[in-house]
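# Survey of secondary and tertiary structure
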Amino acid sequence: MGRMRDAVEGWAGTHGAGEEGRDGDMNQWEALEIFEREGAVQKGHFLLTSGLHSDTYVQCARVLQHPHLAESLADELAKAFQPEEVDLVVSPALGGIIIGYMVAMALRIRMVFAERAKDRLALRRGQSVSRGERALIVEDVITTGGSVKELIELVEGAGASVIGLGALIERGEDRDFKVSKSVLLRLETSAWEAADCPLCRGGVKLEAPGSRKQA
Ligand SMILES: [Zn+2]
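In what follows, the accompanying structure is described.

What counts and what doesn't
- In this convention, every chain numbers its residues from 1, walking through the sequence in written order.
- Where totals are concerned, whole chains, interfaces and linings use all residues; where local detail is concerned, this predicted model gives features only for residues with pLDDT of at least 70, and gives and counts side-chain atom pairs only at 80 or more.
- For helices the rule is a DSSP run of H or I covering at least 4 residues; for strands it is a run of E covering at least 2, with both sets numbered from the N terminus onward.
- In this scheme the burial state of a residue depends on its C-beta neighbours within 10 Å: 20 or more other such atoms mean buried, 12 or fewer mean exposed, and anything in between means partly exposed; the C-beta positions come from the backbone.
- We call two residues in contact when their backbone-placed C-beta atoms lie within 7 Å.
- A pair of strands counts as paired when DSSP detects no fewer than two bridges linking them.
- Fitted lines through C-alpha atoms serve as axes, helices being fitted only where they are in contact, and the angles separating the N-to-C directions of these axes extend from 0 to 180 degrees.
- In these notes, a nonpolar core means any group of buried Ala, Val, Leu, Ile, Met, Phe, Trp, Tyr and Cys residues linked to one another through C-beta atoms within 7 Å.
- Should the near helix be turned anticlockwise from the far one by less than a right angle, the crossing is left-handed, and should it be turned clockwise, the crossing is right-handed.
- Throughout, the ten residues Ala, Val, Leu, Ile, Met, Phe, Trp, Tyr, Cys and Pro are labelled nonpolar, Asp, Glu, Lys and Arg are labelled charged, and all others, Gly among them, are labelled polar.
- By definition here, a helix of n residues has an expected span of 1.5 Å times n minus one.
- By definition, the arc is the one covered by directions from the helix axis to the C-beta atoms.

### Section: the overall build of the chain
- Along the chain, the regular secondary structure elements total seven helices and nine strands.
- A total of 215 residues make up the chain; the buried ones form 40% of that total.
- Considering only contacts in the chain between residues 6 or more positions apart, those separated by 24 or more positions represent 67%.

Pasting the structure below:
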């Protein structure tokens with residue numbers, strides 16, 4: 001897994017308030033160690049939920065199947081936000097549900113999840129966001145940021161506001177969503193449009209481990 005270590009940027013930390021120099025914080029290496037130990041970091045040729053192809057896939061479910069690990073990671077993400085400043089967590093199904101729920105538990109607030117129907121994320125099952133509410137978006141992996149942007153639109157469309165974004169992993173660049181962002185693990189891994197994918201050109205079989213194409 002040496003390549004994964006190479007792929008991790010220097011501890012990117014969070015963009016929340018007062019995160020520097022705290023004792024007892026989980027750092028990027030500890031988070032990576034958890035993902036590696038649980039076999040969540042896989043090498044091959046993968047179709048990501050975003051539609052991009054990559055040689056690396058991080059299967060968060062390998063880690064989140066252990067509630068105590070989900071709790072530790074969620075507690076760390078929740079530290080960047082103040083419970084009194086957030087009314088609810090909003091996460092995308094399926095990937096964001098477990099970690100979003102655990103972050104909501106850490107903050108003692110409500111959590112709703114949006115599901116993709118006809119290629120749009122929507123709140124179903126009687127879940128809603130009310131006008132004036134302050135939402136924290138929690139995702140498992142940010143790859144292109146497409147789902148996050150959709151969720152921001154969904155929340156703002158309901159007359160609510162997004163006060164922050166938390167994610168276990170962000171792949172590639174440090175994206176600016178104009179909200180306070182907390183990311184546990186930043187990965188520099190290769191991802192390509194299908195037309196530019198060297199693994200496709202090499203004839204390597206494509207796997208689709210994400211939920212959008214298979215759910
Ligand atoms: Zn490919």
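### Considerations on the sheet that holds strand β1 (residues 41-47)
- The three strands are arranged β1-β2-β9 in an open sheet whose pairing can be described as antiparallel. Two strands lie at the open edges of the sheet, namely β1 and β9 (191-192), each paired on one side alone.
- Note: strand β2 (residues 53-58) against β9, two bridges, orientation antiparallel. Note that in β9 the partner of His53 across the bridge is Trp192.

### Section: the sheet that holds strand β5 (residues 120-123)
- Pairing in this open sheet of six strands is mixed, and the strands run β5-β4-β3-β6-β7-β8 from one edge to the other. A single partner strand is all that each edge strand has here, and the edge strands are β5 and β8 (180-187). Taking the axes of each pair of neighbouring strands and ignoring which way they run, one obtains an average angle of 25° across the sheet.
- Direction of pairing for strand β3 (residues 88-92) relative to strand β6 (residues 134-142): parallel, over a ladder of three bridges. Considered in β6, the bridge of Leu88 is made with Ala135.
- Here helix α4 (residues 67-78) sits on the sheet in contact with β6, β7 (161-171) and β8, set at roughly 135° to β8.
- Along the sheet face, helix α6 (residues 146-157) touches β3, β4 (110-117), β5, β6 and β7 and points at about 165° away from the line of β6.

### A closer look at unusual backbone geometry
- In this chain, Ala93 is followed by Leu94 through a cis amide linkage whose omega measures -15°.
- Relative to the helices and strands, Leu94 resides in the loop between β3 and α5 (97-107).
- Of note in this structure, Lys178 is not a glycine but carries a positive phi near 65°.
- Examined against the element boundaries, Lys178 turns out to sit in the loop between β7 and β8.
- For Lys178, a count of 8 C-beta atoms within 10 Å corresponds to the exposed category.

### Concerning the environment of His53
- Looking at where His53 falls in the secondary structure, it is placed in strand β2.
- For His53, the contacting residues outside a window of four places in its chain are His45, Phe46, Leu47, Ala191, Trp192, Ala194, Cys197, Leu199, Cys200 and Leu206.

### Quick word on the nonpolar core
- Among the nonpolar cores identified, the biggest contains 58 residues, and Val90, Ile99, Val103 and Ile137 are the most heavily contacted of them.
- If sequence neighbours within four positions are ignored, Ile99 has contacts with Leu64, Ala70, Leu73, Ala74, Val138, Asp140 and Leu168.

### Some thoughts on the packing of α4 against α5
- At a minimum axis separation of 8 Å, α4 and α5 run at an interaxial angle of 60°. Seen along the crossing, α4 lies across α5 with a hand that is right-handed. Residue-level inspection shows Ala70, Glu71, Leu73, Ala74, Asp75, Leu77 and Ala78 of α4 in contact with α5, the latter providing Ile98, Ile99, Met102, Val103, Ala106 and Leu107.
- Its residues assigned to classes, the contact of α4 with α5 comprises 11 nonpolar, no polar and two charged.

### A few points about the pairing of β6
- Across the nine residues of β6, eight count as buried, placing the element largely inside the fold.
- One ladder, built from eight bridges, connects β6 with β7; its direction is parallel. The residue of β7 that forms the bridge with Ile142 is Glu170.

### Quick word on α6
- The end-to-end C-alpha distance of α6 is 16 Å, a good match for the 16 Å that 12 residues give at a rise of 1.5 Å each.
- Regarding α6, the residues found buried are Ser147, Val148, Leu151, Ile152, Leu154 and Val155. The buried side chains of α6 occupy one side of the element, clustering within an arc of 160° when seen end-on.
- Backbone geometry just downstream of α6 places Gly159 in the positive-phi region, at approximately 80°.

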